[in-house]
Every structure is written in C-alpha cells, then in structure tokens.
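Listed here are the chains, written in short residue letters.
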Amino acid sequence: MKQKKNILIFAAIFIISLVSCSKPGDTFIQQGITAFSKGEYDKALELFNQAMESDTRYSEELILNFIANVYAAQEDFENSSACLEKALATKPDYRGFVTLGMNYQMLGQFNKAEQSYFKAIEMNADKGEAYASLGALYLEQNQNEKAVSYLEKGASLEPKIAVIHGNLALAWAKLGNKEKYLEEIKKAEELQCVNLGQFEEKAKTYLLDIR
C-alpha cells in the first residue's frame, strides 16, 4: 500500500530534476519531497502547506496529492482522503481515484471505496488496477464470486502484478476450488509475490491438504 501511495512523490522528483526552479514556492516543494523521503513527515507537511500559500509552478491539485501522501504515510487516511477528494473535484485522475478507494477501504468505508474504484474504471476501462482493487474489496467483504470476477478482469489486463494472483488464489480457496487456487498461487509465486506466505496461510482456513 505504502509503495503505491509514494508513486506521485517519486514522479515529482523526476519532474523537478528536469526543470530549474523558477518561482519562490518551488523550493518548498523540493524541500518537502526531501523531507518526505527521509521520513520527516511533520516537516514535509509544513513545507507543502507553505507551498500552497506561495507562488509556485505546481498546481494546487498536485500539492494536495503530495499532502495526501504524507498523511497516508502516517496512516491518517481520513485527512489523506480529504485532500484527494479536493484535488479530484477539480482534476479527476485515474490513479487518484484508485488511491482514494484504497484509503476508504483502510477506513472500512466500503461503499465509498467501491464508488471511487468505479470512478477510476469510468476514466480508463483498459487499466487493471481498479478492477483488481474492486476484487480485493469484495474479497474482504466475503463476496467471493464478485471478487473472482473483478480479480480475473484485473489479471487479464495486468497479468504481471503478483498480488492480483495472490488475491485471486485466496478467492478461489474461499469458494473451495482447490484446482483454481493452486493455479493462481503458482502464478503469484512465479511473480515473486512478497505476501505469498500470507495468502497461503489464509487459504488453509478454507482448503485442506492444499499441496
């Protein structure tokens, strides 16, 4: 989760490396990104808020995304979501809606999470992450058949994302389908899924004699 929420920060580092600072507030952005990368979250938050009140080349929506990342890194998903909502209201963005959905899912606000993932799909139906996130959401709610449907869609569009196959394996296990479970857990293993052991351990609850 944390890795996904850092994507915008790392993208910004790349952007800043390509251009020279031309407005006073840009310095706050650079310093905020540096503080964030060091885990100095309070300092990063202060700097990004200073940038919001300064003359800078960066849009308000982008700065709000930076601030949302800081809150998310502190597991303050309520404030992170508030920032993302404000940014997305003026500039809708596929990844922003996926991240917002993840925030709401962490907060247990499943209806809002579902709405955010569907908004992402409306923006781009050819990307697999939002489908897979919906599948993971339904899996958490024990809506296992719906979980399989959306996870399979996500896997078809993003076949190299290991965690999708891990979630799909668990969904099949919860449905009692050992053959499908083994097929998907093997794919997750081949893709070096970092949470493979957790998926296998959870699956034991639903399937006996897995291997």
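What you are looking at is a predicted structure, and each value in this text was computed from that prediction instead of being measured. (Residues numbered from 1 in each chain as written. Predicted model: local features only at pLDDT ≥ 70, side-chain atom pairs only at ≥ 80, totals over all residues. Heavy atoms only, no water.)

A few words on the packing of aromatic side chains. A full pass over the atoms with the stated rule returns 4 aromatic pairs. On the basis of an interplanar angle of 80 degrees and a centroid distance of 6.2 Å, the ring pair of Phe 118 and Tyr 150 is categorised as edge-to-face. On the criterion of sequence distance, the pair formed by Phe 118 in helix α8 (residues 110-123) and Tyr 150 in helix α10 (residues 144-157) is long-range, its members being 32 residues apart. Taking relative accessible area as the criterion, Phe 118 reaches 30% and is therefore assigned partly exposed. Three or more aromatic residues link up through ring pairs in this structure, and these residues are Phe 118, Tyr 138 and Tyr 150. The ring of Tyr 138 is capped by Lys 146, whose NZ or CZ atom sits 4.2 Å from the centre of that ring. Its guanidinium or amino end placed over the ring of Tyr 131, Lys 153 lies 5.6 Å from that ring's centre, counting from NZ or CZ. (Phe/Tyr/Trp six-rings, centres within 6.5 Å; stacked < 30°, edge-to-face > 60°. Helix = DSSP H or I, 4+ residues; strand = E, 2+ residues; numbered from the N terminus. Buried < 20%, exposed > 50% of the residue type's maximum accessible area, 1.4 Å probe, protein only. Lys NZ or Arg CZ within 6 Å of the ring centre and 35° of its normal.)

Closest axis-to-axis distance for the helix α11 (residues 162-174)/helix α12 (residues 178-190) pair is 8 Å, and the angle between their directions is 160 degrees. In this view, α11 runs roughly antiparallel relative to α12, as classed from their interaxial angle. Note on packing geometry: the crossing formed by α11 with α12 is left-handed. Along its contact with α11, which presents Ala 162, His 165, Gly 166, Leu 168, Ala 169, Trp 172 and Ala 173, the element α12 presents Lys 180, Tyr 181, Glu 184, Ile 185, Lys 187 and Ala 188. For the contact of α11 with α12, a count of residues per class yields 8 nonpolar, 2 polar and 3 charged. (Axes fitted to C-alpha atoms, helices over the stretch in contact; angles between N-to-C directions. Parallel < 35°, antiparallel > 145°, perpendicular 65-115°, else oblique. Left-handed = near helix turned anticlockwise from the far one by under 90°. Contact = heavy atoms within 4.5 Å. Nonpolar A, V, L, I, M, F, W, Y, C, P; charged D, E, K, R; others polar.)

Of note in this structure, Glu 75 is not a glycine but carries a positive phi near 60 degrees. Assignment of secondary structure puts Glu 75 in the loop between α5 (60-73) and α6 (77-90). Residue Glu 75 is classed as exposed on the basis of its relative accessible area, which comes to 62%.

Two elements in contact, helix α7 (residues 94-106) and α8, have axes whose closest approach is 8 Å; the angle formed by their N-to-C orientations is 165 degrees. Overall, the two elements α7 and α8 adopt an arrangement that is roughly antiparallel. Like other packed secondary-structure pairs, α7 and α8 cross with a definite hand, here left-handed. Contacts from Tyr 94, Phe 97, Val 98, Leu 100, Gly 101, Met 102, Tyr 104 and Gln 105 in α7 reach Phe 110, Lys 112, Ala 113, Ser 116, Tyr 117, Lys 119, Ala 120 and Met 123 in α8. Tallied by class, residues from the contact of α7 with α8 come to 11 nonpolar, 3 polar and 2 charged.

So, about the side chain of Ser 133. Turning to its location among the elements, Ser 133 is positioned in helix α9 (residues 129-140). Those residues in contact with Ser 133 that lie beyond four places of it in its chain are Val 98, Met 102, Gln 105 and Tyr 117.

Taken as a whole, this structure holds 6 salt bridges when the rule is applied. Among the salt bridges present, the one from Lys 86 reaches Glu 60, with a minimum N-O distance of 3.8 Å. Of this pair, Lys 86 sits in helix α6 while Glu 60 sits in helix α5, and the two are 26 residues apart along the sequence. Exposure remark for Lys 86: the relative accessible area of 47% places this residue in the partly exposed category. The residue Lys 204 makes a salt bridge to Glu 201 at a minimum N-O spacing of 3.6 Å. (Salt bridge = Lys/Arg side-chain N within 4 Å of Asp/Glu carboxyl O.)

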